[in-house]
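Listed below, chain by chain, are the residues.
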Amino acid sequence: MAIPTVALVGRPNVGKSTLFNKICGKKISIIEDIPGVTRDRIYQEAQYNNKKFYLVDTGGIDATEETFNNEIKIQAEIAIKDADVVVFVVDGKEGITHNDLIVRDILRKTDKKVIVAINKVDVKKAEENIYDFYELGFDTYIPISSIHNTGYIELMEEITKNFHEKEEKIDDRIKFCLIGRPNVGKSSLMNALLNEERVVVSDIAGTTRDSIDSVLKYDNKEYILIDTAGMRKKGKVFESIEKYSLFRSLQSIDRSDICLVVINAEEGIMEHDKHIAGYAIEKGKGLIFVVNKWDTVKDTSIQEFEKLMRAEFQFATYAPIVFLSALTKKRIHTLMPEVIKVSENISREVKTSVLNEVIRDAFQLSPPPSYKGKRLKCYFVSQTGTKPPKFTFRVNNKGLLHFSYERYLENKLRENFNLEGTPIIIQLKNRNGEE
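Residues numbered from 1 in each chain as written. Predicted model: local features only at pLDDT ≥ 70, side-chain atom pairs only at ≥ 80, totals over all residues. Heavy atoms only, no water.

Undergrad: Got a minute to help me understand the overall build of the chain in this structure?
TA: Secondary structure summary: the chain contains 12 helices and 17 strands in total. Looking at the chain as a whole, 54% of its 435 residues qualify as buried. Of the contacts made within the chain by residues no fewer than 6 positions apart, 71% connect residues no fewer than 24 positions apart. For the chain, the computed accessible surface area is about 21000 Å², with 47% contributed by carbon and sulfur atoms. (Helix = DSSP H or I, 4+ residues; strand = E, 2+ residues; numbered from the N terminus. Buried < 20%, exposed > 50% of the residue type's maximum accessible area, 1.4 Å probe, protein only. Contact = heavy atoms within 4.5 Å. Areas by Shrake-Rupley, 256 points an atom, 1.4 Å probe, with all protein chains shown as cover.)

In structure tokens:
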């Protein structure tokens, strides 16, 4: 049986994100006192009394916000369509509003179970308004306070009433995320890969403020695709929302196996693109450069642009580069084969005997430079990790390793083993065990 889905819907600023975080037990949705902060559906697996379910936090439906109203309405409608249970969150303090009635009208079109959660009942005025909500015409009403825990158990019991307990299952699907500056086309690329309008796409830079997980099926295999907020320079992060977004982007990188750094071909390579790629490398993630909006470039060939990319990203020459257009879907078919290749390489395990042979030959071909009459000696090498591949060298004195020789050893490893798209960790340990 599939894991059930629960959708939280309601107008902006009624406390959906706070409730979402409480149910999930961690800060997932951005919480901010600015209406309309949660613009996309946020998916997260949650659990109550050993009953697992997916929780979806939708953007608030607001009739007065023309720019995002239609997109958010669509998001809520898709979430409702996918949901087994819908929790309609209302603000007990304010009472019924015009926007609540808009949400009610959307919900009336569904035959799903709807629970009305009357939030903020810790305020005296909310107690007086509770019975007014009955005119919305649904069967189940539960007064709650997300902040003060009131009604939480009753709500969770009602949500999970007909759910079955699920056994723990390890998710070994490859996870990859789309990272990049705002407005480079990450959301459009995600939609192109999924063939579904999964995230709000707009010409306004910074539309996607949260990261979203989606399941992508390719060649009968499932992958987890994580879309992240556009990453701005820390110095340009003025709003606290943006600070949350940068933090969330870094969390998405943490959760991923592979990072796809999206570059806007129309604007060219920016300094901040390098910083973003640096985040992924720092975390030891597989790396692929995706040059998006390639259909807008007329006077530069792929070979010329690739040469420019290699010059600008000298610290990541091992990463493959894919050229495509998310909008027209031109060359989109070239992306997933690279993801598969990199997913194999980040988990690659090298036979110890072959590894030692390669390193022994490397030392003989070009001995390390001597320092004060002493030279680095390597006694034994073993692979001590994957995702990314990690190699531990037993040496006489790790302080004798020059960074240029470390680079030489990395190049030798790459020449002999298929490690395209993955960083390599080289760790030295003195023979006496000292790291």
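There's plenty left to go through after this.
Undergrad: I'm lost on the pairing of strand S17 (residues 425-430) in this one. Help?
TA: Moving residue by residue along a regular strand, the side chains alternate between the two faces of the sheet. With 5 of 6 residues buried, S17 is to be regarded as a mostly interior element. Taken together, the 6 bridges between strand S16 (residues 390-395) and S17 define a ladder with parallel strand orientation. The partner of valine 395 across the bridge, within S17, is asparagine 430. Once you follow S16 into helix H12 (residues 403-416) and on to S17, the crossover reads as right-handed. (Pairing = 2+ DSSP bridges. Right-handed = clockwise from strand over helix to strand, strands pointing away.)

Undergrad: What am I meant to see in the nonpolar core here?
TA: Judged by nonpolar contacts, the single largest core of 27 residues is most densely connected at Ile179, Val261, Leu287, Phe289, Val291 and Met309. In terms of residue count, helix H8 (residues 271-282) provides more of this core than any other element does, 4 residues in total. Setting aside its immediate chain neighbours within four residues, valine 261 contacts Ile179, Asp273, Ile276, Ala277, Leu287, Ile288, Phe289 and Val290. With 26 residues, the next largest nonpolar core counts Leu193, Leu194, Leu216 and Leu324 among its residues. (Core = buried A, V, L, I, M, F, W, Y, C linked by side-chain atoms within 4.5 Å.)

Undergrad: I tried to follow the sheet that holds strand S15 (residues 378-385) on my own but got confused; where do I start?
TA: Each strand in a sheet pairs with another by means of backbone hydrogen bonds, the pair being arranged parallel or else antiparallel. Spatially, S15-S16-S17 is the arrangement adopted by the 3 strands of the open sheet, whose pairing is mixed. Each of the sheet's edge strands pairs with one partner strand only, and the pair in question is S15 and S17. Strand after strand, the sheet turns through a mean of 25 degrees between neighbouring axes, direction not considered. Note that S15 and S16 share 6 bridges and pair antiparallel. Bridged to glutamine 383 within S16 is phenylalanine 391. Along the sheet, helix H11 (residues 352-365) makes contact with S15 and S16, crossing S15 at roughly 135 degrees. (Axes fitted to C-alpha atoms, helices over the stretch in contact; angles between N-to-C directions.)

Undergrad: Which parts of the structure should I look at to understand the pattern of salt bridges?
TA: In the structure shown here, the tally under the stated rule is 17 salt bridges. One salt bridge in this structure joins lysine 113 and glutamate 158, with 3.1 Å as the shortest N-O distance. With lysine 113 in strand S5 (residues 113-119) and glutamate 158 in helix H5 (residues 152-159), this pair connects stretches of sequence that are 45 residues apart. Two residues, lysine 274 and glutamate 271, come together in a salt bridge whose shortest N-O distance is 3.4 Å. Residue lysine 274 and its partner glutamate 271 are located together in helix H8, separated by 3 residues, close to a single helical turn. Here the salt bridges share partners, and the residues they tie into one network are Arg11, Glu94 and Asp100. (Salt bridge = Lys/Arg side-chain N within 4 Å of Asp/Glu carboxyl O.)

Undergrad: For this particular structure, what's the right way to read H8?
TA: Residues that lie three or four places apart on an α-helix share one face, since the helix turns once every 3.6 residues. Along its 12 residues, H8 runs 17 Å from first to last C-alpha, staying within 8% of the 16 Å computed at 1.5 Å per residue. Those residues of H8 not exposed but buried are His272, Asp273, Lys274, Ile276, Ala277, Tyr279 and Ala280. Looking at the residues trailing H8, positive phi occurs at glycine 284, about 70 degrees. (Expected span 1.5 Å × (residues − 1).)

Undergrad: Please clarify how the environment of histidine 148 should be interpreted in this entry.
TA: Positionally, histidine 148 belongs in the loop between strand S6 (140-143) and H5. For the pair formed by histidine 148 and valine 121, sequence separation is 27 residues and the distance between their alpha carbons is 9.3 Å.

Undergrad: Is there a simple way to explain the environment of arginine 11 in this structure?
TA: Mapping arginine 11 onto the fold places it in the loop between strand S1 (5-9) and helix H1 (16-24). You can call arginine 11 buried: its relative accessible area is 7%. Residues arginine 11 and aspartate 91, spaced 80 residues apart in sequence, show a C-alpha to C-alpha distance of 9.0 Å. A distance of 3.4 Å separates polar atoms of two side chains, one belonging to arginine 11 and the other to glutamate 94. Reaching out from arginine 11, the side chain makes a polar contact with the side chain of aspartate 100 at a distance of 3.1 Å. (Polar contact = N/O pair within 3.5 Å; in protein donor to acceptor, adjacent residues only side chain to side chain.)

Undergrad: Just checking my understanding: could you explain the packing of H11 against H12 for this structure?
TA: For any two helices packed against each other, the geometry comes down to the angle between their axes and how far apart the axes lie. Contact geometry of H11 with H12 gives a least axis separation of 10 Å together with a crossing angle of 135 degrees. Between H11 and H12, the angle is such that the two are oblique. Handedness of the crossing formed by H11 with H12: right-handed. On H12, the residues that touch Leu355, Val358, Ile359, Ala362, Phe363 and Leu365 of H11 are Tyr405, Tyr408, Leu409, Lys412, Leu413 and Asn416. (Parallel < 35°, antiparallel > 145°, perpendicular 65-115°, else oblique. Left-handed = near helix turned anticlockwise from the far one by under 90°.)

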